[in-house]
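So you can see what is in the structure, the chains are spelled out below.
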Amino acid sequence: MEMRLGLLTSIFLLIFCACAQQPKDEPAKSKYKIPTAVGFVSDYEKNFSSAQKDSLRNLVEAFEKETGIEIAIATFDTTMVSKTDFNDFTLATANDWGVGKKDENNGILIGFSKGHRMIRINNGYGIEKLISDEETQEIMNKYFISNFKKDLYFKGTFEGTKALEDLLKTKIKK
């Protein structure tokens, strides 16, 4: 009887340990296959020339040096994510890549798919304290979407990113 009780206790402890939650400092695994970031500009859809990628990279790197705010730009091919999962996928990507400073949560991921005709701008919580969803949407409509409709992906991305940076600079100074 004592042997059975000891065996049952051992089994219970093994099951309990196996079912324990993962430590809090380990990130939760995403259900998506998140690609590896290629610096601040990851053009998986091949929308930009090398010179255009360099121009975008210079824009966001200079802004990061000036403000500490990180902006990542990513284009996603239709084979990477479905249209219905696009918004969740971009958020998972921003989290996986760690866009922004961890303690400040001050990152922005601008993700779009020309093939899906979708764009999503994910603002970290630190950014949401500075600019509203409405302000972000205005910039998205005025610069990104209006240019994307004309197949001007670089122009829309550059001008939209610059408009986000300019707005953030005015909010930081207040």
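Summary of the structure given here. (Residues numbered from 1 in each chain as written. Predicted model: local features only at pLDDT ≥ 70, side-chain atom pairs only at ≥ 80, totals over all residues. Heavy atoms only, no water.)

1. Let's talk about helix α3 (residues 86-97)
Here's step 1: Here α3 spans 16 Å end to end across twelve residues, near enough to the 16 Å set by a 1.5 Å rise per residue.
Here's step 2: Of the positions making up α3, those classed as buried are Phe 86, Phe 89, Thr 90, Ala 92, Thr 93, Ala 94 and Trp 97.
Here's step 3: At the C-terminal side of α3, Gly 98 shows a positive phi close to 70 degrees. (Helix = DSSP H or I, 4+ residues; strand = E, 2+ residues; numbered from the N terminus. Expected span 1.5 Å × (residues − 1). Buried < 20%, exposed > 50% of the residue type's maximum accessible area, 1.4 Å probe, protein only.)

2. Describing the pattern of salt bridges
Here's step 1: Scanning the model with the defined rule gives six salt bridges in all.
Here's step 2: Glu 64 serves as the salt-bridge partner of Lys 101, at 2.6 Å between the closest nitrogen and oxygen. Here Lys 101, found in the loop between α3 and β3 (107-113), pairs with Glu 64, found in helix α2 (residues 50-67); they are 37 residues apart in sequence, far enough to count as distant.
Here's step 3: Overall, Lys 101 belongs to the partly exposed group, its relative accessible area being 27%.
Here's step 4: For Glu 70, the salt bridge identified is with Lys 101, shortest N-O distance 3.1 Å. On the criterion of sequence distance, the pair formed by Glu 70 in strand β2 (residues 70-75) and Lys 101 in the loop between α3 and β3 is long-range, its members being 31 residues apart.
Here's step 5: One connected set of salt bridges, linked through shared partners, spans Glu 64, Glu 70 and Lys 101. (Salt bridge = Lys/Arg side-chain N within 4 Å of Asp/Glu carboxyl O.)

3. Thoughts on the side chain of Ser 42
Here's step 1: Summarising the element assignment, Ser 42 is placed in strand β1 (residues 41-43).
Here's step 2: Setting aside residues no more than four positions away along its own chain, Ser 42 makes contact with Ala 37, Ile 73, Ala 74, Thr 75 and Trp 97. (Contact = heavy atoms within 4.5 Å.)

4. Focus: the packing of aromatic side chains
Here's step 1: Scanning the model with the defined rule gives eleven aromatic pairs in all.
Here's step 2: Plain terms: the ring middles of Phe 112 and Tyr 153 are 5.9 Å apart, the flat faces sit at 15 degrees to each other, and that makes the pair stacked. Residue Phe 112 is found in strand β3, and its partner Tyr 153 is found in helix α6 (residues 153-173); the two are separated by 41 residues along the sequence. Across this residue pair, the class does not change: Phe 112 and Tyr 153 are buried.
Here's step 3: A connected cluster of aromatic rings, assembled from ring pairs, spans Phe 48, Phe 112, Phe 144, Phe 148, Tyr 153, Phe 154 and Phe 158. (Phe/Tyr/Trp six-rings, centres within 6.5 Å; stacked < 30°, edge-to-face > 60°.)

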